[in-house]
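Okay, here's what each chain looks like letter by letter:
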Amino acid sequence: GWRVAGTAGRVGAAVAACRTLRRSSAEHLAAIAFAATQAAGFSIGTGVSVPALVAGRAANDGIESAVVASVGLIGDPLPLEGRRGLLALVSDAADPSKLADELGTVWQAQRHLANDGAVHDDALFLAALHLSASGDLASVLAEAESLANR
(Lines give C-alpha, C1' and ligand atoms only; values in the text may rest on other atoms or scores of the structure.)
Protein backbone atom coordinates (compact mmCIF):
# COMPACT_ATOMS: atom_id res chain seq x y z
CA GLY A 1 0.00 0.00 0.00
CA TRP A 2 0.84 3.67 -0.08
CA ARG A 3 1.21 6.29 2.61
CA VAL A 4 -1.27 9.10 1.98
CA ALA A 5 1.30 11.72 3.01
CA GLY A 6 3.66 10.49 0.29
CA THR A 7 1.08 10.52 -2.48
CA ALA A 8 -1.77 12.96 -1.85
CA GLY A 9 0.43 14.89 0.58
CA ARG A 10 2.80 15.89 -2.20
CA VAL A 11 -0.06 17.11 -4.35
CA GLY A 12 -1.63 18.96 -1.43
CA ALA A 13 1.67 20.60 -0.56
CA ALA A 14 2.10 21.73 -4.18
CA VAL A 15 -1.38 23.27 -4.22
CA ALA A 16 -0.83 24.95 -0.85
CA ALA A 17 2.50 26.38 -2.01
CA CYS A 18 0.96 27.66 -5.25
CA ARG A 19 -1.90 29.30 -3.35
CA THR A 20 0.55 30.88 -0.91
CA LEU A 21 2.67 32.17 -3.80
CA ARG A 22 -0.49 33.36 -5.63
CA ARG A 23 0.28 31.36 -8.76
CA SER A 24 -1.93 31.06 -11.84
CA SER A 25 -4.21 28.13 -12.64
CA ALA A 26 -1.70 26.92 -15.24
CA GLU A 27 1.08 27.00 -12.66
CA HIS A 28 -1.13 25.11 -10.19
CA LEU A 29 -1.71 22.39 -12.80
CA ALA A 30 2.00 22.14 -13.61
CA ALA A 31 2.89 21.94 -9.90
CA ILE A 32 0.31 19.18 -9.39
CA ALA A 33 1.87 17.29 -12.29
CA PHE A 34 5.38 17.62 -10.87
CA ALA A 35 4.22 16.59 -7.39
CA ALA A 36 2.26 13.61 -8.74
CA THR A 37 5.35 12.49 -10.65
CA GLN A 38 7.29 12.39 -7.38
CA ALA A 39 4.59 10.58 -5.39
CA ALA A 40 6.08 7.88 -3.20
CA GLY A 41 5.87 6.37 0.22
CA PHE A 42 5.14 2.70 0.53
CA SER A 43 3.40 1.77 3.76
CA ILE A 44 6.35 -0.20 5.06
CA GLY A 45 8.42 0.66 8.07
CA THR A 46 7.29 1.43 11.57
CA GLY A 47 8.01 3.95 14.24
CA VAL A 48 8.08 7.66 13.70
CA SER A 49 11.08 8.03 11.41
CA VAL A 50 9.66 6.51 8.21
CA PRO A 51 6.31 8.37 8.26
CA ALA A 52 8.07 11.59 9.28
CA LEU A 53 10.51 11.24 6.41
CA VAL A 54 7.67 10.60 3.95
CA ALA A 55 5.67 13.60 5.19
CA GLY A 56 8.70 15.87 5.26
CA ARG A 57 9.78 14.91 1.76
CA ALA A 58 6.20 15.42 0.54
CA ALA A 59 6.16 18.95 1.95
CA ASN A 60 9.54 19.73 0.44
CA ASP A 61 8.66 18.23 -2.96
CA GLY A 62 5.35 20.11 -3.02
CA ILE A 63 7.13 23.41 -2.48
CA GLU A 64 9.75 22.55 -5.10
CA SER A 65 6.97 21.63 -7.54
CA ALA A 66 5.37 25.04 -7.09
CA VAL A 67 8.68 26.82 -7.58
CA VAL A 68 9.55 24.80 -10.69
CA ALA A 69 6.08 25.48 -12.14
CA SER A 70 6.50 29.21 -11.48
CA VAL A 71 9.47 29.42 -13.86
CA GLY A 72 7.39 28.13 -16.75
CA LEU A 73 7.97 24.39 -16.91
CA ILE A 74 4.87 22.57 -18.12
CA GLY A 75 3.62 19.30 -16.62
CA ASP A 76 1.24 16.65 -17.90
CA PRO A 77 -2.26 18.12 -18.46
CA LEU A 78 -3.93 15.16 -16.66
CA PRO A 79 -1.56 14.41 -13.78
CA LEU A 80 -4.15 12.81 -11.52
CA GLU A 81 -6.89 11.44 -13.73
CA GLY A 82 -4.93 10.54 -16.87
CA ARG A 83 -4.46 6.97 -18.07
CA ARG A 84 -1.00 7.01 -16.49
CA GLY A 85 -1.77 9.56 -13.78
CA LEU A 86 -1.40 9.25 -10.03
CA LEU A 87 -4.82 7.67 -9.52
CA ALA A 88 -4.06 4.88 -11.99
CA LEU A 89 -0.78 4.26 -10.17
CA VAL A 90 -2.25 3.83 -6.71
CA SER A 91 -5.57 2.10 -7.48
CA ASP A 92 -7.16 -0.10 -10.11
CA ALA A 93 -10.58 1.20 -9.09
CA ALA A 94 -9.90 4.94 -8.82
CA ASP A 95 -12.80 7.19 -9.84
CA PRO A 96 -11.55 10.58 -11.10
CA SER A 97 -15.09 11.98 -11.03
CA LYS A 98 -14.87 11.98 -7.21
CA LEU A 99 -11.82 14.26 -7.11
CA ALA A 100 -13.90 17.40 -6.57
CA ASP A 101 -16.72 15.88 -4.47
CA GLU A 102 -15.70 17.75 -1.32
CA LEU A 103 -13.93 20.67 -2.95
CA GLY A 104 -13.94 23.63 -0.60
CA THR A 105 -14.18 21.56 2.58
CA VAL A 106 -11.79 22.77 5.27
CA TRP A 107 -9.90 19.91 6.93
CA GLN A 108 -8.13 20.27 10.27
CA ALA A 109 -4.81 18.62 11.12
CA GLN A 110 -5.38 15.39 12.98
CA ARG A 111 -5.13 15.70 16.75
CA HIS A 112 -4.73 12.90 19.23
CA LEU A 113 -4.49 12.23 22.93
CA ALA A 114 -1.03 11.21 24.00
CA ASN A 115 -0.40 8.86 26.91
CA ASP A 116 -0.35 11.83 29.26
CA GLY A 117 -3.92 12.78 28.24
CA ALA A 118 -2.91 16.10 26.69
CA VAL A 119 -3.90 16.97 23.13
CA HIS A 120 -0.93 17.30 20.77
CA ASP A 121 -0.74 18.29 17.11
CA ASP A 122 0.00 15.44 14.74
CA ALA A 123 3.77 14.86 14.82
CA LEU A 124 4.01 14.17 11.10
CA PHE A 125 2.20 17.38 10.23
CA LEU A 126 4.53 19.41 12.41
CA ALA A 127 7.57 17.60 11.05
CA ALA A 128 6.49 18.37 7.48
CA LEU A 129 6.05 22.04 8.34
CA HIS A 130 9.47 22.13 9.99
CA LEU A 131 11.17 20.48 7.00
CA SER A 132 9.50 22.81 4.54
CA ALA A 133 10.81 25.76 6.57
CA SER A 134 14.31 24.49 7.35
CA GLY A 135 15.28 21.84 4.81
CA ASP A 136 17.14 20.11 7.65
CA LEU A 137 16.01 16.47 7.64
CA ALA A 138 18.03 15.42 10.71
CA SER A 139 16.40 18.04 12.95
CA VAL A 140 12.97 17.14 11.55
CA LEU A 141 13.41 13.50 12.49
CA ALA A 142 14.62 14.47 15.96
CA GLU A 143 11.63 16.80 16.40
CA ALA A 144 9.18 14.11 15.21
CA GLU A 145 10.67 11.57 17.63
CA SER A 146 10.40 14.10 20.46
CA LEU A 147 6.76 14.95 19.62
CA ALA A 148 5.81 11.29 19.35
CA ASN A 149 7.30 10.52 22.75
CA ARG A 150 5.40 13.27 24.60
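The structure this text deals with has already been given above.
The structure presented is a predicted model; accordingly, all values stated were derived computationally and were not measured.

S.K.: Which residues make up unusual backbone geometry, and what values go with them?
M.R.: Although it is not a glycine, R22 sits at a positive phi angle of roughly 55°. Among the residues examined, R22 registers a relative accessible area of 75% and is labelled exposed.

S.K.: Talk me through the packing of helix α1 (residues 4–20) against helix α3 (residues 49–70); I want residue IDs and the actual numbers.
M.R.: Taken N-terminus to C-terminus, the directions of α1 and α3 make an angle of 40°; their axes are 7 Å apart at the nearest point. If you check the angle between α1 and α3, you find them oblique. The way α1 lies across α3 gives a crossing that is right-handed. Two secondary-structure elements touch here, α1 through A5, G6, G9, R10, A13, A14, A17 and C18 and α3 through V54, A55, R57, A58, A59, D61, G62, I63, S65 and A66.

S.K.: I'd like a description of the nonpolar core, backed by residues and values.
M.R.: Core analysis: the largest hydrophobic core is formed by 15 residues, its most contacted members being V11, A31, A36, A69, L80 and L86. Among the elements of the structure, α1, α2 (25–37) and α3 are those that each provide at least two residues to this core. Looking at this core, the element that brings in the most residues is α2, giving six residues. For L80, the residues in contact, after removing those within four places along its chain, are V11, I32, A36, G85, L86, L87 and L99.

So, how was this worked out
Residues numbered from 1 in each chain as written. Predicted model: local features only at pLDDT ≥ 70, side-chain atom pairs only at ≥ 80, totals over all residues. Heavy atoms only, no water. Buried < 20%, exposed > 50% of the residue type's maximum accessible area, 1.4 Å probe, protein only. Axes fitted to C-alpha atoms, helices over the stretch in contact; angles between N-to-C directions. Helix = DSSP H or I, 4+ residues; strand = E, 2+ residues; numbered from the N terminus. Parallel < 35°, antiparallel > 145°, perpendicular 65-115°, else oblique. Left-handed = near helix turned anticlockwise from the far one by under 90°. Contact = heavy atoms within 4.5 Å. Core = buried A, V, L, I, M, F, W, Y, C linked by side-chain atoms within 4.5 Å.

Interpretation in functional terms is not warranted from these geometric data alone.
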